[in-house]
Amino acid sequence: QKARVVMASLAMQAPHIMILDEPTNHLDMESVEALIDGVNAFEGGVVLVSHDARLIARTECDLWVCKGDQTVTVDSQGFTHYKQIVLRDIARKQEAAEAAAKEKVLRAMEARKERLAKMEERNKKRAAAAQSATQSAVPSAVQSAGQSAVQSADKSDDKEGGGEGNKAPPPAQGKKGKKGKKGNKGGGDDDW
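In this report, the structure presented in the accompanying data block is examined. (Residues numbered from 1 in each chain as written. Predicted model: local features only at pLDDT ≥ 70, side-chain atom pairs only at ≥ 80, totals over all residues. Heavy atoms only, no water.)

Our focus in this paragraph is the nonpolar core. With six residues, the main nonpolar core is built from L20, V32, L35, I36, V39 and L55. The element contributing the most residues to this core is helix α2 (residues 29-41), with four residues. Residues contacting L35, with those up to four places away along its chain left out, are M7, L20, P23, T24, L27 and L55. (Core = buried A, V, L, I, M, F, W, Y, C linked by side-chain atoms within 4.5 Å. Buried < 20%, exposed > 50% of the residue type's maximum accessible area, 1.4 Å probe, protein only. Helix = DSSP H or I, 4+ residues; strand = E, 2+ residues; numbered from the N terminus. Contact = heavy atoms within 4.5 Å.)

Taking 1.5 Å of rise per residue, the 13 residues of α2 would be expected to cover 18 Å, and the 19 Å separating its terminal C-alpha atoms lies within 8% of that figure. Those residues of α2 that fall on the buried side of the exposure criterion are S31, V32, L35, I36 and V39. An end-on view of α2 places all buried positions within 140° of arc, on one side of the element. Residues of α2 that are exposed and point more than 90 degrees away from the buried face comprise E30 and A41. Elements in contact with the buried residues of α2: α1 (2-13), β1 (17-21), β2 (45-49) and α3 (53-58). (Expected span 1.5 Å × (residues − 1). Arc of directions from axis to C-beta.)

Our next topic: the layout of surface pockets. One number sums up the size of the largest pocket: a volume of about 580 Å³. As for the largest pocket, its lining consists of 18 residues, of which L48, S50, I56, L63 and W64 are closest to the centre. Contributing elements (two or more residues each) for the lining of the largest pocket: β2, α3, β3 (63-66) and α4 (79-160). Here the residues of the lining of the largest pocket sort into 13 nonpolar, four polar and one charged. By volume, the second largest pocket amounts to about 410 Å³. In this structure, the second largest pocket is lined by 18 residues; those nearest its centre are A3, R4, M7, A34 and L35. Elements supplying a minimum of two residues to the lining of the second largest pocket: α1 and α2. (1 Å grid on protein atoms, 1.4 Å probe; cavity = no way out; pocket = protein on both sides within 12 Å on 5 of 7 lines; lining within 4 Å. Points joined across faces, edges and corners; volume = space filled by probe spheres on them. Nonpolar A, V, L, I, M, F, W, Y, C, P; charged D, E, K, R; others polar.)

Here we take up the side chain of T24. Looking at the secondary structure, you find T24 in the loop between β1 and α2. Look at T24 and you get buried, because its relative accessible area is 11%. There is a polar contact of 3.3 Å between the side chain of T24 and the side chain of D52. Dropping the residues within four chain positions of it, T24 is found in contact with V32, L35, S50, D52 and L55. (Polar contact = N/O pair within 3.5 Å; in protein donor to acceptor, adjacent residues only side chain to side chain.)

In total, this model carries five salt bridges according to the counting rule given. In this structure, the salt-bridge partner of R92 is D89, at a minimum N-O distance of 3.0 Å. With a gap of three residues between them, R92 and D89 both fall in helix α4, about one helical turn apart. Residue class for D89 comes out partly exposed when judged on its relative accessible area of 32%. (Salt bridge = Lys/Arg side-chain N within 4 Å of Asp/Glu carboxyl O.)

See below:
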């Protein structure tokens, strides 16, 4: 209601120029339609700042575009032309962002492939080193086992008496021919 009262009081003063900053904020549909009719019927100058596309398109004003780099351009071809330019710019930016995202994904995939190839190469080297160590350990283990077997055979021969290191002593022989003091004949030391 306040906005309607303010607009009515402005119209009664018959100004030469009106500056409207976001006039459609908090207006219902009927009030927006009345504002559009009032701006179009106004015979003075109107500076209208708005994001409302319907208001901009339906008021037959020149379009001044204020950009973020503090430049102002006049688009005399109207709001529809400006809208097409904006949509084209958005599409270009979106395509560039999608291309950048795709490139980022491809770079990440390539980096992952390289990491996997390096890991695979390290695993191959480790497997080759382990196989080489196993192959060199097997002959020494076989040689060591062979030496142990030979030594075991030598020890068992020694226990049986056929080896060089432990010869069995010759059998003991008794003494012959002497009589003992008590007169035993042919007896040895056993008689004593």
